[in-house]
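Remarks on the overall topology
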Amino acid sequence: MNDRRLEATATISLRQIFAQFLFVGAISFGGGIVAYLRELLVTRRQWVSSDEFMVLLSISQTMPGLNAVNLSILMGDRLRGGRGALVAALGILLPGACVVLGIGTLYGIHGDHPSADRLLAGVMAAAIALLATVTWKLGRRALCATKSLALVLLTFVCMSLLKWPLYLVLATVLPLALFLYRPSAKNAE
Amino acid sequence: MITLIQLAGVFSMLSLLAVGGGSAVLPEMQSLLEQYFQISQSEFVKAYGIGQLAPGPNMLVVLIMGQLVAGLAGALVVAVAFFLPSSLLCLFAGRLWLRIGECPWRLAVQSALEPISIGLMCSGVYTIANEALTGWRSALIALIVGVLLLRSKINPVLLIFAAAAASYFLF
């Protein structure tokens, strides 16, 4: 089965991989990259099956780092090995990186201007709305079950109210969470 | 040079601590940037806000943080330090995982990380909101944008521009 897979993907060039990820990196605003990648790679190009996509997605969510970048790395690796992973990650990051650096340069020049601050107040208000809605969309399930809600609250209290350093928060909450979700406890939820 | 090494240290640590996505390390990033590089909370939140105008992963805003600290060199150092460690880890751990196959503990780790990363994201919301919501006007703008984000399919960048225009006239 492995051989057949290799055959099917041998025709995908590094340039094609780069172009696809560059496109997603350039058009995805305000998150939702995973949905774009699924649409392009699974539905349109059919480079991977939907099941395989879900497996790679869940690994990318388990590992530290940005989900979208991790998913690009795993997908690139799956298609063309290490070099595929490199071009996929570069593709997803480059467009945004250029825009961010451009904005950063402008911001450095105009940062102290009072009228810029009046514009920025609205930008910040919109940014918090964006972050809060993304948190809500991702967290709705976790916030509605007692066990996970308790862990959400504990993490928040340690981080924001007690102001512990992040490594300490993780060292405290992660073992507890792993205990609560240990494989044998699966049917407890 | 010392600054660049410090930047690399801080952001490669954040890279490996970013469980469940980049937004999870926002509060930690803010406190470390204040502690080591004297970036105030207000500068941090402004930079975060304008960073949302860019496409792609929203944590690309770390490049602006690097730029604030040490110019273009700072941005490049931060880019490598923030994206390389977690990417390499994911590449090799992912290969290992696919070879071993699905085991019950991977699912346990994933379920355990989900509420933690949501908790950290809530902390991120709290950190940004403390600075971004300064009164009824910014709260009103945030509320309207939030409702539109949930109820419509308007491109978020257009909403950010509209919010900027609205605040220009309101403030």
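Refer to the preceding data block for the structure.
An account of the accompanying structure is given in this report. Counting of residues starts from 1 at the beginning of each chain's written sequence and follows it residue by residue. To read the labels, note that chains go from A and ligands from 1, taken in the order they are written. Only residues with pLDDT of at least 70 get local features here, since the model is predicted, and only at 80 or more are side-chain atom pairs given and counted; chain-wide, interface and lining totals rely on the full set of residues. Excluding hydrogens and water, the side-chain values take into account all heavy atoms of the structure.

**Here's the deal with the packing of helix α6 (residues 136-151) of chain B against helix α7 (residues 156-170) of chain B**
All names here are of chain B.
- Where α6 contacts α7, the two axes come as close as 11 Å, and the packing angle between them is 160 degrees. Classified by the angle between their axes, α6 and α7 sit roughly antiparallel to one another. Here α6 runs over α7; the crossing is right-handed. Contacts between α6 and α7 involve Arg137, Ile141, Val145, Leu148 and Leu149 from the former and Pro156, Leu159, Ala163, Ser167 and Leu170 from the latter.
- The residue inventory of the contact of α6 with α7, partitioned by class, reads eight nonpolar, one polar and one charged. Fitting a line to C-alpha atoms yields each axis, with helices limited to the stretch in contact; the angle taken between N-to-C directions then spans 0 to 180 degrees. For helices the rule is a DSSP run of H or I covering at least 4 residues; for strands it is a run of E covering at least 2, with both sets numbered from the N terminus onward. Roughly parallel means an angle under 35 degrees; roughly antiparallel, over 145; roughly perpendicular, 65 to 115; everything else is oblique. Note: crossing handedness is left-handed where the near helix turns anticlockwise from the far helix by less than a right angle, and right-handed where it turns clockwise. Throughout, a contact is declared for two residues whenever any of their heavy atoms are within 4.5 Å. Gly is placed with the polar residues, together with every amino acid not listed as nonpolar (Ala, Val, Leu, Ile, Met, Phe, Trp, Tyr, Cys and Pro) or charged (Asp, Glu, Lys and Arg).

**Quick look at helix α8 (residues 166-180) of chain A**
- Here the expected length of a helix is defined as 1.5 Å per residue gap, with one fewer gap than residues. Its 15 residues place the ends of α8 of chain A 21 Å apart at the C-alpha level, agreeing with the 21 Å of an ideal helix rising 1.5 Å per residue.
- One fitted axis covers the seven residues ending at a residue, a second covers the seven starting there, and the bend at that residue is the angle between these axes. Within α8 of chain A, the axis deviates most sharply at valine 173 of chain A, by approximately 25 degrees, and proline proline 175 of chain A lies no more than four positions further along.
- For α8 of chain A, the secondary structure elements touched by its buried residues are α7 (146-161) of chain A together with α1 (2-17), α2 (26-37) and α5 (104-132) of chain B.

**With respect to the side chain of lysine 147 of chain A**
Residues and elements named next belong to chain A.
- Mapped onto the fold, lysine 147 is located in helix α7.
- When a residue's accessible area, from a 1.4 Å probe over protein chains only, is under 20% of the maximum for its type it is buried; when over 50% it is exposed; and in between it is partly exposed. A relative accessible area of 17% means that lysine 147 is categorised as buried.
- A distance of 3.1 Å separates a polar side-chain atom of lysine 147 from the backbone oxygen of leucine 180. Side-chain atoms alone can form a polar contact between residues adjacent in sequence; in general such a contact is a pair of N or O atoms within 3.5 Å, and within protein one must be able to donate a hydrogen while the other accepts it.

**Focus: the interface of chain B and chain A**
- Contact residues are listed per partner, giving 91 residues for chain B and 83 residues for chain A.
- Simply put, the buried area is the total loss of 1.4 Å probe accessible area from both parts when two parts are fitted together. Surface buried jointly by chain B and chain A totals about 7,700 Å² across both partners, of which 78% is contributed by carbon and sulfur atoms.
- The largest share of the area that chain B buries against chain A comes from Lys46, Pro55 and Tyr168 of chain B, three residues that together contribute 8% of it.
- Salt bridges are identified by distance alone: a Lys or Arg side-chain nitrogen within 4 Å of an Asp or Glu carboxyl oxygen. Put simply, chain B and chain A have three salt bridges between them.
- Between arginine 141 of chain A and glutamate 114 of chain B there is a salt bridge, and its shortest N-O distance comes to 2.8 Å.
- When contributions to the side of chain B that touches chain A are tallied by element, the ones reaching two or more residues are α1, α2, α3 (41-51), α4 (62-100), α5, α6 and α7 of chain B.
- It is α5 of chain B that contributes the most residues to the side of chain B that touches chain A, 25 residues altogether.
- Of the residues belonging to the side of chain B that touches chain A, the class tally is 63 nonpolar, 22 polar and six charged.

Geometry only, nothing functional implied.
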